[in-house]
Amino acid sequence: MKDYISERAIKIANYIIQNNATVRQTAQSFGVSKSTVHKDVAERLLYINPHLAAEARKVLDVNKSERHIRGGLATREKYLHQHEEKICRSH
């Protein structure tokens, strides 16, 4: 494995752990795809640093288990905001 890929995998894992970040947030922050983030943490990091991989996996598993809640809250927020705009326009 190339050195820059190993370094990226370690940086990604540390970012996820320190920021309690989702795959999507991490991908955006590093300018890579979600699949790259997942592959770095789930596969590549296991060979580089298994302990760090396990720690990052814990955070990602929690985020995955909560994603339906975040999605529901985002949808609720969207419709509340749209409702407020309609009220403002009608006055």
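Residues numbered from 1 in each chain as written. Predicted model: local features only at pLDDT ≥ 70, side-chain atom pairs only at ≥ 80, totals over all residues. Heavy atoms only, no water.

Peer 1: In this structure, what is going on with the nonpolar core? I would like to understand it.
Peer 2: Soluble, globular proteins show a tendency: their nonpolar side chains are buried together. Of all hydrophobic cores here, the largest spans 13 residues; its most connected members are I12, A13, I16, V37, V41 and L45. Where this core is concerned, the elements lending two or more residues are α1 (3-19), α3 (34-48) and α4 (50-90). Here I12 is in contact with T26, F30, V37, D40 and V41, once residues within four sequence places are set aside. (Core = buried A, V, L, I, M, F, W, Y, C linked by side-chain atoms within 4.5 Å. Buried < 20%, exposed > 50% of the residue type's maximum accessible area, 1.4 Å probe, protein only. Helix = DSSP H or I, 4+ residues; strand = E, 2+ residues; numbered from the N terminus. Contact = heavy atoms within 4.5 Å.)

Peer 1: Would you take a moment to explain α3 for this structure?
Peer 2: An α-helical turn contains 3.6 residues, so a residue and the one three or four places further along point in the same direction. A rise of 1.5 Å per residue sets the reference length of α3, with its 15 residues, at 21 Å; its end C-alpha atoms lie 20 Å apart and thus fit the reference within 8%. Taking the largest bend as the criterion, α3 deviates by roughly 40 degrees, centred on D40. Listed as buried for α3 are V37, D40, V41 and L45. (Expected span 1.5 Å × (residues − 1). Bend = angle between axes of the 7 residues up to and from the residue.)

Peer 1: Any chance you could explain the side chain of T26 here in plain terms?
Peer 2: Here T26 is to be found in helix α2 (residues 23-30). Within the structure, T26 has its side chain in polar contact with the backbone oxygen of T22 (distance 2.8 Å). Once you skip the residues sitting within four places of it in the chain, T26 turns out to touch I12, Y15, I16, A21 and V37. (Polar contact = N/O pair within 3.5 Å; in protein donor to acceptor, adjacent residues only side chain to side chain.)

Peer 1: I keep staring at the pattern of salt bridges and nothing clicks. Help me out?
Peer 2: If charged atoms from side chains of opposite charge come close, those side chains can pair. Here the structure, examined in full by the defined rule, presents five salt bridges. One salt bridge connects R8 with D40, and the closest N-O pair in it is separated by 2.7 Å. Taken as a pair, R8 in helix α1 and D40 in helix α3 lie far apart in primary sequence, 32 residues in all. This pair shows no difference in class: R8 is buried, exactly as D40 is. A salt bridge links D40 to R44; the shortest N-O distance between them is 2.5 Å. Separated by four residues within a single helix, D40 and R44 lie in helix α3, roughly one turn from each other. Classification of D40 by relative accessible area gives buried; the value is 0%. (Salt bridge = Lys/Arg side-chain N within 4 Å of Asp/Glu carboxyl O.)

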